[in-house]
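The residues making up each chain are set out below.
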Amino acid sequence: MTGSKSTTPEPLAPPPKTPDQSQSKKTRKRNRSELETSPTRKRPKTQNRAASSEICAETNTPGLQLTYEEYHRQRDEILSAIIFDLNHVAATQKACREGAPDKITKLSYQSQKTYAALVVERAATRISGCEDKFNPDYREREAHRLEMVAKKLGWRMLAICAYAESFRRLCREEEDRWLWGCVYTKIRDFAYNIELQACLHALDWRSLLLPYWKEGSLPGLKKEALGSKKKLAELASTRPHDIVIDPVKKTFRNPVYKNRIQRDVDASTFDPSDWVAEQKGDPRDPTLRENDAKFTWYGSCDLCASPGVCSCRLKRSPSDYVQLVEAGTKGVGVRALANFKAGDILGEFVGKIMPPNYRDDNVYALEVQPKTWQRIDGSIALISPKEYGNWTRYLNHSCDAHTVFDARTVGDRVIMTVEARKDIAIFEEITVNYGNGYWTTRTCRCGAENCVEEVKKEKERKRREKEAAQRMIEEEEKEKNKKKKKSKKQPS
Ligand SMILES: [Zn+2]
Ligand SMILES: [Zn+2]
């Protein structure tokens with residue numbers, strides 16, 4: 001963004017932020033290289049044109065200044081920064097509400113609220129027609145954009161976005177109207193996703209609108225925009241991955257499997273009674289490193305390289321940047337709310353730790369494999385998240401997936417992780433490859449160029465060719481034998 005002066009100076013913003021998702025890794029999974037050869041993601045090239053019609057009111061700006069790819073890249077950076085800011089402000093508000101915040105947290109909360117309130121006030125002034133007629137250019141640009149968000153996406157959306165410093169700067173400082181149009185269009189398309197994210201993280205956007213509602217001084221501010229205080233409080237106390245969002249119907253629900261609500265948990269659980277038949281005596285959790293007597297199967301820690309048990313833990317922060325959404329015929333899916341980079345560890349696959357021969361979860365269960373592959377029989381346990389698990393269980397399959405499941409040794413145990421094998425853009429549905437074994441008795445309809453169904457078809461074609469060739473050889477043999485017999489019968 002290009003800088004210009006403002007009458008309400010905000011502190012200089014840091015460069016575009018992304019969630020702290022990167023976690024150092026010492027090893028890579030075997031045979032990953034074969035998965036890395038897929039073509040790069042192609043983005044639709046119509047977004048900018050669609051966006052341009054929305055912003056025709058902005059004048060005196062030149063035409064396209066960047067390539068489509070560069071516009072999309074910058075758009076995604078700004079959107080990612082907006083979600084990051086909203087999460088950050090919500091966390092600061094929570095700290096102030098619930099605990100004894102330090103001075104800096106308090107100041108940060110007050111300043112964020114003041115800046116957000118000013119943005120709402122500017123939009124209100126503009127829409128009520130009370131603003132100064134001789135605005136400087138940047139002020140006119142900002143007022144126009146805020147008016148557009150308030151009128152087209154609603155006051156609630158404006159109040160939410162107002163909390164994001166990156167949104168405020170976009171409205172005030174971004175001179176490229178095409179880039180503004182790109183970001184605006186995505187905010188419009190994913191407005192419900194952004195709104196739910198803000199509500200689930202207990203962002204207090206309501207207090208920005210309440211004074212205007214009481215005064216009745218904001219044109220177009222209807223009671224629905226404020227929502228029900230009770231329902232918002234319920235949402236704020238809900239675990240974000242305990243609900244599935246339907247952005248089309250603008251509703252949400254609990255995920256359900258076999259009539260039981262699926263619950264979001266932070267860590268895997270081990271119940272010795274599940275292992276009585278598998279292990280004699282006192283059953284032990286086989287994923288714990290202390291139970292891997294020789295420290296050979298699990299290798300050293302992937303974060304600190306310690307050969308023995310250490311205190312490392314995976315960071316949880318990437319999970320604040322994914323959302324469960326309705327995915328049509330595929331059921332529930334996972335949408336990214338940040339830009340993730342290839343190599344990022346997005347999370348741990350958690351659930352009930354069950355014996356490898358457990359057969360009661362053929363939908364979600366994932367094998368835990370010892371990292372060093374020194375055990376010939378492969379898996380040491382199954383993780384079954386059919387009832388208790390986290391967002392990773394809802395990743396849909398693609399033969400050209402963004403992520404892979406990987407075995408890692410971290411801290412005191414061996415875990416299964418979800419790791420990005422290519423960049424993931426904000427608001428994309430995140431996919432994972434379930435592996436060819438999963439599809440031997442099922443049909444994949446992912447439609448990817450390298451789809452396992454194509455491989456199956458190719459195998460089937462070769463099998464038929466081989467069979468046909470075999471039949472031909474057999475018939476030729478038969479024919480030869482017949483001739484031989486005939487020639488023997490005929491007297492010389
Ligand atoms: Zn470690
Ligand atoms: Zn496929």
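Remember, predicted model here, so these are calculated numbers, not experimental data.

## Here's the deal with the side chain of Glu195
Consideration 1: Mapping Glu195 onto the fold places it in helix α8 (residues 191-200).
Consideration 2: By relative accessible area, Glu195 is classed as buried at 14%.
Consideration 3: For Glu195, the residues in contact, after removing those within four places along its chain, are Arg156 and Ile160.

## Side note on the coordination of the zinc ion (ligand 1)
Consideration 1: For the zinc ion (ligand 1), every protein donor is listed as Cys301 (SG), Cys304 (SG), Cys310 (SG) and Cys312 (SG), and the spread of their distances is 2.2 to 2.4 Å.
Consideration 2: Given four donor atoms and angles of 101 to 117° at the metal, the environment of the zinc ion (ligand 1) is assigned as tetrahedral.
Consideration 3: You can call Cys304 partly exposed: its relative accessible area is 37%.

## Describing the sheet that holds strand β12 (residues 381-384)
Consideration 1: With mixed pairing, the four strands of this open sheet are ordered in space as β6-β10-β12-β11. The open sheet has two edge strands, β6 (269-270) and β11 (366-368), and neither has a second partner.
Consideration 2: Where strand β10 (residues 352-354) lies against β12, three bridges are found, and the strand directions are antiparallel. Bridge assignment links Ile353 to a residue of β12, and that residue is Ile383.

## Quick word on the confidence of the model for the chain
Consideration 1: Scored by pLDDT, the chain comes out at a mean of 83, with 84% of its residues at no less than 70.
Consideration 2: Mean pLDDT across the secondary structure elements of the chain bottoms out at helix α1 (residues 47-54), with 36, and peaks at strand β7 (residues 322-326), with 97.
Consideration 3: Below a pLDDT of 50 lies the segment residues 1-57, which in the model reaches 127 contacts outside its immediate sequence neighbourhood of four places, other chains included.

## Examining the coordination of the zinc ion (ligand 2)
Consideration 1: The zinc ion (ligand 2) binds to the protein through Cys399 (SG), Cys444 (SG), Cys446 (SG) and Cys451 (SG); the donor distances cover 2.3 Å.
Consideration 2: Here the zinc ion (ligand 2) is ringed by four donor atoms whose angles at the metal span 106 to 113°, and the overall shape comes out tetrahedral.
Consideration 3: Read in sequence order, the donor residues for the zinc ion (ligand 2) give the motif C-x44-C-x1-C-x4-C. Note that Cys399 is positioned in the loop between β14 (396-397) and β15 (403-410) and Cys451 in the loop between β17 (429-432) and α12 (452-489), a separation of 52 residues in sequence.
Consideration 4: By relative accessible area, which is 8% here, Cys399 ends up buried.

## Let's talk about the side chain of Arg139
Consideration 1: Relative to the helices and strands, Arg139 is located in helix α4 (residues 137-153).
Consideration 2: Since its relative accessible area comes to 12%, Arg139 is described here as buried.
Consideration 3: In this structure the side chain of Arg139 is engaged in a polar contact, spanning 2.7 Å, whose partner is the side chain of Glu142.

Parameters and conventions
- Residues numbered from 1 in each chain as written.
- Chains lettered and ligands numbered in written order.
- Predicted model: local features only at pLDDT ≥ 70, side-chain atom pairs only at ≥ 80, totals over all residues.
- Heavy atoms only, no water.
- Helix = DSSP H or I, 4+ residues; strand = E, 2+ residues; numbered from the N terminus.
- Buried < 20%, exposed > 50% of the residue type's maximum accessible area, 1.4 Å probe, protein only.
- Contact = heavy atoms within 4.5 Å.
- Donors = N, O, S within 2.8 Å, 3.2 Å for Na, K, Ca; no water.
- Tetrahedral: all angles 85-135°; square planar, octahedral: opposite > 155°, others 65-115°.
- Pairing = 2+ DSSP bridges.
- pLDDT = per-residue confidence, 0-100.
- Polar contact = N/O pair within 3.5 Å; in protein donor to acceptor, adjacent residues only side chain to side chain.

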